[in-house]
Amino acid sequence: MADRVLAIMEQRDGALRKVSYEVIAAARLLGDVDALVLCEGAVEGTGDLRAVGAARVLSAAHPDFRLYNPDGFAATIGELASGYSAVVFAGTATGRDLAPRVAARLKVSCATDVIELGRDGAAVTATRPVYAGKVLQKIRLTGTPAVASIRPNTFPADKPAEPGPPGEVESVTVPAFATRVTVKEIKAAATATLDVTEAPIVVSGGRGLKEPANFKLLEDLAAALGTAAVGASRAVVDAGWRDHGAQVGQTGKTVSPGLYFAIGISGAIQHLAGMRTAKVIVAINRDKDAPIFKVADYGIVGDLFEILPRLTDEIKRVRAGQ
Amino acid sequence: MKIAVCLKRVPDTTAKITIGPDRKSITDTGLKFVPNPYDEFALEAALALKEKSGGGETVVYSVGTDASAETLRTALAMGIDRAVLLQAPGGADGLAIAQALAAELGAGAFDLLLFGKMAVDDHNHAVGPMTAELLAIPCITSVAKMTIENGAVEAEREIEGGIEVVTCSLPAVITCEKGLNNPRLPSLKGIMAAKKKPLETKPAALGAPTLEIVSLELPPERQPGRIVGEGADAVPALVQLLRTEAKVL
């Protein structure tokens, strides 16, 4: 079988999500990529997918595909997948829900949240963090097709600088399916719209912030940095200061941003497990012996209530000058 | 309602993990094991639903080695009625485990099958939705809020930048996220009662493997960083380094 790979695009509100480009980049490591968009109607950016490496662009349109439709998506992908050696998903809330459903239909296991993809002969190999990143597990997928989801922010993607001419998009048929699960609506999240797993910069706070209202200091810093999300340690989530969706660490989320700020976080082993794959780590803590300084690239020892306002101002100043 | 909960025995989240001499498994010696934290939300949900309805049965299942019996006893001590251990060596193959569970649970006439959203050891997020697909019943994953009325589930699951409101009818598989509830601790009375509750043991009908572990490795150590300075006066130097050295601003 030729190494044809099916890359599952993710869209919301008629626009492709950034992680979709990362899925194409990852899928290209395994062979020639067909990008599949599941949608209700036209999706912005679909025509550009060939410019970022898709050999073909496929569109599966259905009136019930405005929002995520687990049964319809799984049926469509399950039927298409038999012609491919691998199917690659985004390791997002949707992809982590969908990939195992498709895999079960195809009678194969799936590799969740992979950070490396390759081949060993015909088999697909993957590396994935387990035990919340304390260990890297290397696996071989011996079923066909191989099914994997990729961790966001891990596979560098090309995104077209400007939209190219609309490329050819082929329609694929959505098979008949029984709707067992219905997504009724998407409500706005109580907190910020940028998720810690997808943000290029994460600003996390811990018990050193002393009280929930002081997270305003982190929100100000995140706003000054531009596209940044506010995260939290388990201690403050368990104390009810922040929503659990913001928790970074073993019973929360594992993040790999380009820049991670750990502020007032001592660096318990379960927190380090959730953020150690960040590219650059900055720690601010008043205890110079805090374990967080052992993994941080840059640290400042001192009172965060003095340091943070100054840092926010300095970043505003620098960014204004760019 | 008849409710099944699937439970996995995992290393304590605060434990240091050591890779074994085969480089494919971890060293168990001296390691503390606990019920998977996300499965505890499933156990609590099952117990609360039974209390609310005032009837029905709760059954806990685990696929694992004989050591998992101790984990099942913890669930019984929390209040689950009976336990079934499906014996199998440890494994990371989500489909093989889902096949064993589907074979067992399919015959159980359950209204609700509860799982944790993932196990904190192998992070597959897979066994719950795979079991649902194999049983051809609905599944909602990573549920942080749920109401069940008149044979239907309405659930909320967090997605990036929003919350999905999802519905399905029973019987269904629900995988549980942190925030769903606060799991109870076993009481002394519960621990005593658990010793007399039924715990059935039988071999798991694992499916054929389609995934093999090649090796386990420790992640590369991060290069030691440096303390830029003390107090707010160190801020300009930090920002300068982030711009010119790390090139992330």
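Small disclaimer: the values here were computed from a predicted structure and weren't measured.

S.K.: An account of the overall build of chain B is requested, with residue identities and associated values reported.
M.R.: In terms of helices and strands, chain B carries 6 helices and 13 strands. Along the first, second and third principal axes, the C-alpha atoms of chain B reach 65 × 45 × 40 Å. Across the 249 residues that make up chain B, the buried fraction comes to 55%. A separation of at least 24 residues holds for 71% of the contacts in chain B among residues at least 6 apart in sequence. As displayed, chain B offers around 10,500 Å² of accessible surface, 54% of which is attributable to carbon and sulfur atoms.

S.K.: Tell me what's going on with the state of the cysteines, and back it up with residues and numbers.
M.R.: Residues and elements named next belong to chain B. Evaluated as defined, the whole model comprises 0 disulfides over all chains. C139 provides the cysteine sulfur closest to C176, a residue in no disulfide bond, and the two sulfurs are 10 Å apart. By relative accessible area, C176 is classed as buried at 0%.

S.K.: Pulling in residues and values, what's your account of the side chain of T175 of chain B?
M.R.: Residues and elements named next belong to chain B. Relative to the assigned elements, T175 resides in strand 10 (residues 172-176). A polar contact is formed between the side chain of T175 and the backbone nitrogen of S142, at a distance of 2.7 Å. When near neighbours in sequence (up to four residues on either side) are disregarded, T175 contacts F115, G116, K117, G128, P129, I140, T141, S142 and V143.

S.K.: Lay out empty space enclosed by the protein with the relevant residues and their values.
M.R.: Under the criterion given, the structure shown has 3 cavities of 30 Å³ or more. Looking at the lining of the largest cavity, the elements that each hand over two or more residues are strand 2 (11-12), strand 6 (86-90) and helix 3 (93-106) of chain A. For the lining of the largest cavity, the residue count by class is 11 nonpolar, 3 polar and 5 charged. Approximately 50 Å³ is the volume attributed to the second largest cavity. In terms of lining, the second largest cavity is formed by H244, G245, T251, G252 and K253 of chain A together with Y38, K117, E158 and E177 of chain B.

S.K.: Provide a residue-level description of the interface of chain B and chain A, including the pertinent values.
M.R.: Across the boundary between the two partners, chain B contributes 87 residues, which contact 88 residues of chain A. Summing both sides of the interface, chain B and chain A together bury roughly 7,500 Å²; the carbon and sulfur share of this comes to 56%. When residues of chain B are sorted by the area they lose upon contact with chain A, E133, E160 and R222 of chain B head the list and together hold 12% of the total. The interface formed by chain B and chain A holds 11 salt bridges in total. Note that K253 of chain A and E158 of chain B form a salt bridge whose closest N and O atoms lie 2.9 Å from each other. At the boundary of chain B and chain A, one finds 49 residue pairs in polar contact (both at pLDDT 80 or more). Where strand 18 (residues 298-301) of chain A and strand 13 (residues 226-230) of chain B come together, 4 bridges link them in parallel fashion. Bridge pairing in strand 13 of chain B links I300 of chain A to G229 of chain B.

S.K.: Which residues make up the packing of aromatic side chains, and what values do they have?
M.R.: Residues and elements named next belong to chain B. For the structure shown, the criterion picks out 5 aromatic pairs over all chains. Their ring planes at 85 degrees and their centres at 6.0 Å tell us that Y61 and F110 sit as a pair that is edge-to-face. Here Y61 is found in strand 4 (residues 57-64), whereas its partner F110 is found in the loop between helix 3 (94-105) and strand 6 (112-116), with 49 residues between them in sequence. Exposure class is identical for Y61 and F110. Each is buried.

S.K.: Residue-level account of the packing of helix 8 (residues 304-321) of chain A against helix 6 (residues 235-244) of chain B, with values.
M.R.: Across the interface, helix 8 of chain A lies against helix 6 of chain B with an axial gap of 9 Å and an inter-helix angle of 45 degrees. Judged by the angle between their axes, helix 8 of chain A and helix 6 of chain B are oblique. The interaxial crossing formed by helix 8 of chain A with helix 6 of chain B has right-handed handedness. In this structure, helix 8 of chain A uses I307, R310, L311, E314, I315 and V318 of chain A to contact helix 6 of chain B, whose residues at the interface are V235, P236, L238, V239 and R243 of chain B. When the residues that make up the contact of helix 8 of chain A with helix 6 of chain B are grouped by side-chain class, the tally is 8 nonpolar, no polar and 3 charged.

Rules behind the numbers
Residues numbered from 1 in each chain as written. Chains lettered and ligands numbered in written order. Predicted model: local features only at pLDDT ≥ 70, side-chain atom pairs only at ≥ 80, totals over all residues. Heavy atoms only, no water. Helix = DSSP H or I, 4+ residues; strand = E, 2+ residues; numbered from the N terminus. Buried < 20%, exposed > 50% of the residue type's maximum accessible area, 1.4 Å probe, protein only. Contact = heavy atoms within 4.5 Å. Areas by Shrake-Rupley, 256 points an atom, 1.4 Å probe, with all protein chains shown as cover. Disulfide = S-S within 2.5 Å. Polar contact = N/O pair within 3.5 Å; in protein donor to acceptor, adjacent residues only side chain to side chain. 1 Å grid on protein atoms, 1.4 Å probe; cavity = no way out; pocket = protein on both sides within 12 Å on 5 of 7 lines; lining within 4 Å. Points joined across faces, edges and corners; volume = space filled by probe spheres on them. Nonpolar A, V, L, I, M, F, W, Y, C, P; charged D, E, K, R; others polar. Buried area = accessible area lost by both parts, 1.4 Å probe. Salt bridge = Lys/Arg side-chain N within 4 Å of Asp/Glu carboxyl O. Pairing = 2+ DSSP bridges. Phe/Tyr/Trp six-rings, centres within 6.5 Å; stacked < 30°, edge-to-face > 60°. Axes fitted to C-alpha atoms, helices over the stretch in contact; angles between N-to-C directions. Parallel < 35°, antiparallel > 145°, perpendicular 65-115°, else oblique. Left-handed = near helix turned anticlockwise from the far one by under 90°.

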